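# Per-entry structural report
So you can see what is in the structure, the chains are spelled out below.
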Amino acid sequence: MLDPLSGRAPRLRRRVSVVAPTATAADAFSTAFSLMGSSAVRIACEHHSELTVDMISTSGAHERFGRAA
């Protein structure tokens, strides 16, 4: 995956997992969240209450947002 703004691979996260109603939605959200900051992911989860998001940063910090947070 490439960051469309820089043309480079994103370095924010080691892993992004999304549980959503469909596999297509989970794939789309996980791709987008890989390029977004934590506060933007939190806001997106507030607007999409059906999501559960689990992320690990490149430094090893763990964050969880959404239904099971």
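Reading the values: the criteria
Chains are numbered independently. Their residues run from 1 in the order of the written sequence. For a predicted model such as this one, the threshold for reporting local features is a pLDDT of at least 70, and the threshold for listing and counting side-chain atom pairs is 80 or more; totals across whole chains, interfaces and linings nevertheless cover every residue. As a rule here, side-chain values come from all non-hydrogen atoms in the structure, and water together with hydrogens is ignored. Salt bridges are identified by distance alone: a Lys or Arg side-chain nitrogen within 4 Å of an Asp or Glu carboxyl oxygen. Helix and strand definitions follow DSSP, with helices as H or I runs of at least four residues and strands as E runs of at least two, each counted in order from the N terminus. Think of it in three bands: with a 1.4 Å probe and only protein chains considered, a residue is buried below 20% of the maximum accessible area for its type, exposed above 50%, and partly exposed in between. The arc in question is the one spanned by the directions pointing from the helix axis to the C-beta atoms. Every residue pair with non-hydrogen atoms within 4.5 Å of one another is taken to be in contact. Strand pairing is assigned whenever DSSP identifies at least 2 bridges connecting the two strands. Simply put, an axis is a line fit to the C-alpha atoms, just over the touching stretch for a helix, and the angle between two N-to-C directions goes from 0 to 180 degrees.

### Here's the deal with the pattern of salt bridges
Opposite charge on two side chains lets them pair, provided their charged atoms get close. The full count for this structure, using the stated rule, is two salt bridges. We note a salt bridge from Arg-15 to Asp-54, for which the minimum N-O separation is 2.7 Å. Here Arg-15 is found in strand E1 (residues 13-19), whereas its partner Asp-54 is found in strand E2 (residues 52-57), with 39 residues between them in sequence. One continuous salt-bridge network, built from bridges that share partners, spans Arg-15, Asp-54 and Arg-64.

### Section: helix H2 (residues 38-47)
Those residues of H2 not exposed but buried are Val-41, Ala-44 and Cys-45. Mapping the buried residues of H2 onto a view down its axis gives an arc of 100 degrees, with all of them on the same face. Opposite the buried face of H2, at more than 90 degrees from it, the exposed residues are Glu-46 and His-47. On the buried face of H2, the contacting elements are E1, helix H1 (23-34), E2 and strand E3 (62-66).

### Description of the side chain of Ser-30
Looking at the element boundaries, Ser-30 is found in helix H1. Beyond its immediate stretch of four places on either side in the chain, Ser-30 contacts Val-16 and Val-18.

### What to know about the sheet that holds E2
Strand order in the open sheet made by the three strands is E1-E2-E3, with antiparallel pairing throughout. Lying at the two open borders of the sheet, with one neighbouring strand each, are E1 and E3. When the angles between neighbouring strand axes are averaged without regard to direction, this sheet yields 10 degrees. By the bridge criterion, five bridges tie E2 to E3 in an arrangement that is antiparallel. Bridge pairing links Thr-52 to Gly-66 in E3.

Keep in mind these numbers describe shape, not what the thing actually does.
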